[in-house]
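As a plain string of letters, each chain reads:
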Amino acid sequence: MPDAMVHHGFYSAYHDTTIQPGILKAIKRAKGLYGDIDIMITGHSMGGAMAAFCGLDLAVNYKIHNVQVVTFGQPRIGNTAFASRYSKLVPNTIRVTNKHDIVPHLPPYYPHLTQKTYHHFAREVWLYEDGFDTLIFPVEKVCDDSGEDPDCSRSVMGNSIWDHLEYYGVELGDRTEEGSCRIVMDPRVATYQVEDAEGNFVLSRDDPSSSLVKMKTESRISSNFI
């Protein structure tokens, strides 16, 4: 990508660790079982940054055409040239931001520096609350295709850690033990989680005779969880 620059730390967190080969192995296995299925990559905060690089990696280097990326509270990861190219190469991307979440405002965006500033890619969906007094209701605003819509999260101060730690009512921090991490998933899905011999969570649509777990299908269920 001519003139494109990215954040070295976030880039290395995906490309220079065991994350990339683990994901490629899982995708190869899934496609072997289910065929040419859609691939959705998701992550929160730094995980969102890595998810974005993963989506780009799969689309460009492995020619997977049906890649979707959804991130939550993701920081900026590259400059304007990078953001523009990313949006064209991975068009099925959504960045969800929440109220005054501080992380999507970092690293800073300087509109007058054009190519040298960090710049978000599209498309943002901003969660906020509207109304007055006791009539407060949640809003999901689909922002423009600039990546830096001045009427979305950029319209407020990014000064809240708490808004970073909860999305759609799901707490993304683990309060059971200081400094620990956990997998975040809908409780109905968590019921079916099984670990394989390598410690990975396995969720499968196969019957029990050929897989570790079978997913039940439920139609038209409303949920407050991701």
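Before going into details, it helps to say that this report is about the structure given with it. (Residues numbered from 1 in each chain as written. Predicted model: local features only at pLDDT ≥ 70, side-chain atom pairs only at ≥ 80, totals over all residues. Heavy atoms only, no water.)

For the pair helix α1 (residues 8-15) and helix α3 (residues 46-61), the least separation of the axes is 9 Å and the interaxial angle reads 65°. As the angle between them shows, α1 and α3 are arranged roughly perpendicular. Crossing of α1 against α3: the hand is right-handed. Within the contact between the two elements, α1 uses Phe-10, Tyr-11, Ala-13, Tyr-14 and His-15 and α3 uses Met-46, Ala-49, Met-50, Phe-53, Cys-54 and Asp-57. Here the contact of α1 with α3 is built from residues that sort into nine nonpolar, one polar and one charged. (Axes fitted to C-alpha atoms, helices over the stretch in contact; angles between N-to-C directions. Helix = DSSP H or I, 4+ residues; strand = E, 2+ residues; numbered from the N terminus. Parallel < 35°, antiparallel > 145°, perpendicular 65-115°, else oblique. Left-handed = near helix turned anticlockwise from the far one by under 90°. Contact = heavy atoms within 4.5 Å. Nonpolar A, V, L, I, M, F, W, Y, C, P; charged D, E, K, R; others polar.)

Bringing the packing of α1 against helix α2 (residues 19-34) into the picture now. In the contact formed by α1 and α2, the axes pass within 6 Å of each other and the chain directions differ by 50°. Between α1 and α2, the interaxial angle falls into the category oblique. Of α2, the residues touching α1 (which contributes Ala-13, Tyr-14 and His-15) are Ile-19, Gln-20 and Ile-23. Here the contact of α1 with α2 is built from residues that sort into four nonpolar, two polar and no charged.

Moving on, we get to the pattern of salt bridges. By the definition in use, this model includes four salt bridges. In this structure, the salt-bridge partner of Arg-76 is Glu-148, at a minimum N-O distance of 2.8 Å. Placement of the pair is Arg-76 in the loop between β2 (67-72) and α4 (80-89) and Glu-148 in the loop between β5 (135-142) and β6 (166-167), with a sequence separation of 72 residues. Side by side, Arg-76 and Glu-148 carry an identical accessibility label, which is buried. Through salt bridges that share partners, Arg-76, Glu-148 and Arg-154 make up one connected network. (Salt bridge = Lys/Arg side-chain N within 4 Å of Asp/Glu carboxyl O. Buried < 20%, exposed > 50% of the residue type's maximum accessible area, 1.4 Å probe, protein only.)

Moving on to unusual backbone geometry. The omega angle of the peptide bond from Leu-106 to Pro-107 is -20°, so this bond is cis rather than trans. Mapping Pro-107 onto the fold places it in the loop between β3 (93-98) and β4 (124-132). Across the junction of Ala-122 and Arg-123, the peptide omega takes the value 5°, indicating a cis bond. Along the chain, the position of Arg-123 falls in the loop between β3 and β4. The residue Ser-45 is not glycine, and still its phi comes out positive at about 60°. Tracing the sequence through the fold places Ser-45 in the loop between β1 (39-44) and α3. Positive phi outside glycine occurs at Lys-63, with the angle close to 55°. Structurally, Lys-63 is set in the loop between α3 and β2. A relative accessible area of 64% means that Lys-63 is categorised as exposed.

Fair warning: the whole summary comes from geometry, so function is off the table for now.
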